[in-house]
Amino acid sequence: MPSAPTTSLDLSDPAFLADPYPALARERARHPVAWHEPSQTWLTFTHATVGQVQRDRRLGRRWVDREPRDALEPFNLLHRHQMMEHEPPTHTRLRRPVASAFSRGHVERLRPRVREVAAGLLEEAGPDRFDLVTAYAEPLPVLVIAELLGVPRAHVGDLRRWSQAIVRMYEVDPGPAVVDAAVSASVDFAALVRDLAAHRRRRPAADLVSDLVATELSQDEVVAAVVLLLNAGHEASVNVLGNGLVAALDPTTLDSTAPDPTAPASQGRTLEQALAGAPVALAVEELLRVDAALQLFVRTASEPVRLGEGPGSVVVGRGERVCALPGAANRDPAVFADPDTFVPGRDPNPHLSFGVGVHFCLGAPLARAELAEALAVLRERRPGLHLAGERVRRGTFVLRGHTRVPVAG
């Protein structure tokens, strides 16, 4: 067992889940990387070490089927063939056809449609108080990614429900109910995609599924790619918009010295005041940075790797796991001035929310387009938007987000 440095950080503590940043800041000040006994992993806290984990090819994804394998086969099948669960050359083979399909102009083709959908959702939300998550942030990316892939709109509700069930398996310690829901969702999700793929083989259309079934990918690999794109293609956008706008509209949520993260929420400031005239593109990058939607991902060492530099560095042994913490990296004062402050015009903004290296998020252009259009529509039509009640966190760490954010104005 590694001897030092160590951390006893409780990743499931309700206070930590409500606001992890004070604890992450304390850990980052003590050490760039530390051994975490409860999870038997190394945790990385600084921008430098999180970036190193993302870039170093000796620290890779190594998919191992969840146990018991027979019971979890539907869930395992969706992940066994996903590009993000592999390293080159398998990763390259799985990623290339998907990247090629994306490069055919689908994202830019959809940009006007994203704005249209955003405007329509805001109109449906009404002129007064509404829930930013359920009425706007949640349906927008689901509708967009479904349209990109060619999934019928009638299944949009199913997609969101299945996705939420599956991604809860990525949390630190999912319970039996979470496991059962994820397996059930995996069965239904895969069945829908198989039917859609079979239909597109017979009758191609101008969508991404049609492009994918025309590649060298196997049937299982097409299903895994589509499910990954549907999950990753909207899960992050939902939470980035919700997390980021809460941080922008209520600066007290960013005060790492606040003694009580469960204190009543303030109404804060208006959207116009929060954005302070900054370009939408820069504001989007700050939304991505300030309260990361993805807080943890795991890599496994294929050989010994030294993480960090100087006296705080450690050697990760072959087969040991390393957890990168992008939320901690994105608030590293060695890289970001006033890291706990939402600065809409921050430039440069080298956040690590999309990753770096071979696993850089393939859907980053789509996510940026969705966020830019969603924010621009809000800014144009609801400049006086402000928080209007108690928001509710999802109570998860790996994928951090809200289930409810009441707003008005």
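Residues numbered from 1 in each chain as written. Predicted model: local features only at pLDDT ≥ 70, side-chain atom pairs only at ≥ 80, totals over all residues. Heavy atoms only, no water.

(A) Layout of the sheet that holds strand 1 (residues 6-7). The six strands are arranged 1-2-3-9-6-4 in an open sheet whose pairing can be described as mixed. Each having just a single partner strand, strand 1 and strand 4 (59-60) make up the two edges of the open sheet. Where strand 2 (residues 33-36) and strand 3 (residues 41-44) come together, four bridges link them in antiparallel fashion. Its bridge partner lying in strand 3, W35 is registered against W42. (Pairing = 2+ DSSP bridges. Helix = DSSP H or I, 4+ residues; strand = E, 2+ residues; numbered from the N terminus.)

(B) Representation of the pattern of salt bridges in the model. In this structure the tally under the stated criterion is 25 salt bridges. R161 is the partner of D158 in a salt bridge, and the nearest nitrogen-oxygen pair spans 3.0 Å. Residue D158 and its partner R161 are located together in helix 9 (residues 156-167), separated by three residues, close to a single helical turn. On the basis of relative accessibility, which here comes to 48%, the residue R161 falls in the partly exposed class. (Salt bridge = Lys/Arg side-chain N within 4 Å of Asp/Glu carboxyl O. Buried < 20%, exposed > 50% of the residue type's maximum accessible area, 1.4 Å probe, protein only.)

(C) Spotlight on the side chain of D65. You can see D65 is positioned in the loop between strand 4 and helix 4 (73-80). Within the structure, the side chain of D65 is placed 2.7 Å from the side chain of W63, a separation counted as a polar contact. A distance of 3.0 Å separates a polar atom in the side chain of D65 from a polar atom in the side chain of R80. Once residues within four sequence positions are removed from consideration, D65 is found in contact with N76 and R80. (Polar contact = N/O pair within 3.5 Å; in protein donor to acceptor, adjacent residues only side chain to side chain. Contact = heavy atoms within 4.5 Å.)

(D) Inspection of the environment of A369 at higher detail. One can find A369 in helix 16 (residues 364-381). You can call A369 buried: its relative accessible area is 2%. Distance from A369 to A281, taken between C-alpha atoms, is 9.1 Å for residues 88 residues apart in sequence. When residues no more than four places from it in sequence are discounted, the contact partners of A369 are V107, R111 and V114.

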